[in-house]
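The lines below spell out each chain.
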Amino acid sequence: MMKRTAMVLGLLLVFSGLLNAQYVIKSTSELEALKKLPLEKIYLHSNTDLLFPGEYLYYSTYCMNAATNKLSSISRMAYVELIGEDLQTVFRQKVRLVGGRGQGDFFMPTSVASGNYKLVGYTQWMKNAPLTQLFQTDIVIINPYRNEQERIISNDEAPKNTTNTTKKVLREDKSILLMPDRSTYGKREKVSLLAKNFKGPLGYGDYSLSVRRKETLNTKGALRAQEFGEIYLQVDKTLSRTVNDSIFLPEQRGELFFGTVLDNNNQPVVDETIVLSIPGQDFQLKSAITDTDGNFYTYVNKPYNATQLLAQTLNKDSGQHRIFMKRRSSVVYDDLKFGNFYINQNDKKTILERSVHNQIENAYYSVKPDSILSINKKDPYDGGVPEVILLDEFTRFPTLRETLIELVPNVWVKKLDEGSYTFWVREDLESYENDFVSDPPLVLVDGVFVPDHKSLLEFNARVIEKISILRDPLVLGSKKYLGMVVINTFEGDYLERIPPSNMAKYELNLPVADKNYFNQSYKEEMQETIKRIPDFRHQLFWEPNFSIGEGTKETTFEFYTSDVSGEYDIFLEGFTRYGKPISVKGSFTVD
């Protein structure tokens, strides 16, 4: 099946028309190829369905092939949103998917009003299906710090139950068992939890685990994987479109960016090469060619931590062309159905206690931080080894032109017949006895593509930290370059130093960062430093991504209880490699 999917993806890439976010299917052959690419569905395992300000919503993302129920290899990005009853978006996050798996979290601020909300998850490819294809689950927010409580307080004179829905009891799955070493613990005691696979290969799969104090307010509970399997069993498996219909393209090669190029008469510019760059030390360069409607698209498949993407024409003489970056259309949520959660006077003590616990926990957050996993730095030179010139090691010259002449080997400036200037780089394997004949290099400053080399000749060299030279042939778009000259300023502020130019600037929303979530420890050697710090954690443990496979029949998790007594629920959710949803529940008590 994976080989067949790969073949379909290959066919999609050769379609010259696939250059818009919403592409119009032009032929029967295109339609047949698209229908061979399965649609997707998403499950979000969340740590709770009830949030107070100062708490985190954690979620683990499972992107599934809707036809096979196995993890999908199609989309590289997922999108998670929290929607209010007024259909306003509380947050929208991008989640990187690796083999169908991702993770994220959201800290609930005091600015969000009490009410019933929906947690929604989807990929761009899923937007070609009805709203019911998108993952949906109820989330309740109780914000005691605001006056607006009408959405969760019943108008009935008689006290109303906290919810008018009933919790579904799932049939216990015995593929994997959760076995804590004890059933009862004291405060700040170590818990050793064993997740054991009793089904061999039938239990191999991808899972997530949450340990949290049992909810005392009567919500439905977070959607379980087995429930998801039943509810989303009959979703669309393939694209239900015909010729001349529009579709959203799958983000199979990374995050999709797209736009349009028009001339002075607002007519589309055809066959124009567009260079898209993400500036910074770990810069990225991509190229795209406009289609018959002036549209272009490209995928960014490497992680990035910059907040801006730039689009420019490859040809420095295309100054009259205007570039417009486009944003994806939002999902229409008019048909969302929200839950009916209410509170009454009986819940006052519970709400007050939990709010106090959250305030104390947040006051000590600095000693209980999560750690963001660093992005593996991606090589902007794609394996090439540049020569690096640190200018502080030499006598400084006023301009970049003089600096290149006096300090930088294998790079020089050449005046062309029409009067313009270009940089030139001596090829690494070039014979020094022959006259140099080749293409000019790519030139970037702070990761910004500079097509007009002449504009840099008088650039203030005193603000330049280093110059890196790559002396290998490169191809960008349809054009060949002999090497690359990368200039880095001390402040990385080249964009602020140059006048507005013919480039489109697109503000990037960073994908949510992967984290190692804080796991409190009370080992003996640490007691003196932490014993006076209060511990009112309700969430004792969260592991968003672990696998059970050959050689790992059992997995042990260790964590410590807090100062909050009561019953704690253990939820393991996930899917086997055969696509079977697994939901396992355990519990223990803290005295």
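In what follows, the structure referred to is the one given above.
Let us look at the structure shown here. For every chain, the first residue of the written sequence is number 1, and numbering continues from 1 along that sequence. It should be noted that, the model being predicted, local features are given only for residues of pLDDT at least 70 and side-chain atom pairs only at 80 or more, the latter also being counted only at that level, while totals for whole chains, interfaces and linings use all residues. Hydrogen atoms and water are omitted, and side-chain values are computed over all heavy atoms in the structure.

1. Describing the overall build of the protein
Within the protein, the regular secondary structure consists of seven helices and 34 strands. Burial analysis of the protein (591 residues in total) assigns 54% to the buried set. The contact definition used throughout considers only heavy atoms, calling two residues in contact when any of these lie within 4.5 Å. Long-range pairs, those at least 24 residues apart, make up 76% of the contacts in the protein with a sequence separation of at least 6. Exposure was quantified through the Shrake-Rupley algorithm and a 1.4 Å probe, taking into account, for residues, occlusion by the shown protein chains and nothing else. Accessible area for the protein stands at about 28100 Å²; split by element, carbon and sulfur atoms hold 49% of it. Strands are runs of DSSP state E lasting at least two residues, helices are runs of H or I lasting at least four, and both sets are numbered from the N terminus onward. The buried label goes to any residue with under 20% of its type's maximum accessible area, the exposed label to any with over 50%, and the partly exposed label to all in between, with areas taken from a 1.4 Å probe on protein chains only.

2. As for the environment of Tyr-207
Along the chain, Tyr-207 turns up in strand 13 (residues 205-213). Of the residues examined, Tyr-207 reaches a relative accessible area of 0% and is grouped as buried. Polar side-chain contacts of Tyr-207 include one of 2.6 Å to the backbone oxygen of Gly-203. We define a polar contact as two N or O atoms separated by no more than 3.5 Å, with the added condition that, inside protein, one atom must be a possible hydrogen donor and the other a possible acceptor, whereas residues neighbouring each other in sequence contribute only through side-chain atom pairs.

3. Some points on the sheet that holds strand 7 (residues 101-107)
When DSSP finds two or more bridges between two strands, those strands count as paired. Taken together, the three strands give an open sheet; going across it, the order is 2-4-7, and neighbouring strands pair in antiparallel fashion. Only two strands of the sheet have a single neighbouring strand rather than two, namely strand 2 (40-46) and strand 7. Shown here is a sheet whose adjacent strand axes are inclined to one another by a mean of 25 degrees, direction ignored. Relative to strand 4 (residues 56-65), strand 2 is paired through seven bridges, and the arrangement is antiparallel. Residue pairing across strands places Ile-42 opposite Cys-63, the latter belonging to strand 4. In this analysis an axis means a line fitted to C-alpha atoms, helices contributing only their contacting stretch, and an angle means the value between N-to-C directions, from 0 to 180 degrees.

4. Re helix 4 (residues 348-363)
Here the expected length of a helix is defined as 1.5 Å per residue gap, with one fewer gap than residues. Taking 1.5 Å per residue as the helical rise, helix 4 with its 16 residues ought to reach 22 Å, and the 23 Å between its terminal C-alpha atoms agrees with that figure. Among the residues of helix 4, those classed as buried are Ile-351, Arg-354, Ser-355, His-357, Asn-358 and Glu-361. Projected down its long axis, helix 4 carries its buried residues within an arc of 160 degrees, all on one side. More than 90 degrees from the buried face of helix 4, the exposed residues found are Lys-348, Lys-349, Leu-352 and Ala-363. On its buried side, helix 4 packs onto strand 3 (50-51) and strand 13. To be clear, the arc concerns the directions from the helix axis to the C-beta atoms.

5. Brief notes about the sheet that holds strand 11 (residues 184-185)
Strand order in this open sheet of five strands is 11-34-33-13-31, and the pairing throughout is mixed. Here the strands that pair on one side only, and so sit at the sheet edges, are strand 11 and strand 31 (539-548). Here seven bridges tie strand 13 to strand 31, and the two strands are oriented antiparallel to one another. Among the inter-strand pairings, Leu-209 is bridged to a residue of strand 31, identified as Glu-543.

6. A few points about the environment of Val-486
Assignment of secondary structure puts Val-486 in strand 28 (residues 479-489). For Val-486, a relative accessible area of 1% corresponds to the buried category. Spatially, the C-alpha atom of Val-486 lies 8.4 Å from that of Lys-466, the residues being 20 residues apart in sequence. Not counting the four nearest positions on each side in its chain, Val-486 is found in contact with Phe-283, Tyr-381, Leu-444, Lys-466, Ile-467 and Ser-468.

7. So, the environment of Val-485
Along the chain, Val-485 falls in strand 28. The exposure class of Val-485 is buried, given its relative accessible area of 0%. Beyond its immediate stretch of four places on either side in the chain, Val-485 contacts Val-411, Phe-423, Val-425, Pro-441, Leu-442, Val-443, Leu-444, Ile-467 and Ser-468.

8. Considerations on the pairing of strand 15 (residues 255-262)
Most of strand 15 is tucked away, with eight of its eight residues classed as buried. Along strand 15, one buried face is formed by Glu-255, Phe-257, Gly-259 and Val-261 and the opposite face, lined by Leu-256, Phe-258, Thr-260 and Leu-262, is buried too. The pairing of strand 15 with strand 18 (residues 295-300) spans six bridges and is antiparallel. Bridge assignment links Thr-260 to a residue of strand 18, and that residue is Asn-295.

9. Here we look at the pattern of salt bridges
In the sections that follow, a salt bridge refers to a side-chain nitrogen of Lys or Arg positioned within 4 Å of a carboxyl oxygen of Asp or Glu. Under the criterion given, the structure shown has 25 salt bridges. Between Glu-558 and Lys-190 there is a salt bridge whose closest N-O contact spans 3.4 Å. Within this pair, whereas Glu-558 is found in strand 32 (residues 554-560), its partner Lys-190 is found in strand 12 (residues 190-197), the two being separated by 368 residues in sequence. On the accessibility criterion, Glu-558 (41% relative accessible area) is partly exposed.

10. Focus on unusual backbone geometry
The backbone of Asp-382 shows a phi angle near 50 degrees, a positive value even though the residue is not glycine. Relative to the helices and strands, Asp-382 is located in the loop between strand 21 (371-372) and strand 22 (387-390). Classification of Asp-382 by relative accessible area gives exposed; the value is 63%. Although it is not a glycine, Asn-410 adopts a positive phi angle of roughly 70 degrees. The topology assignment puts Asn-410 in the loop between helix 5 (400-406) and strand 23 (411-415).

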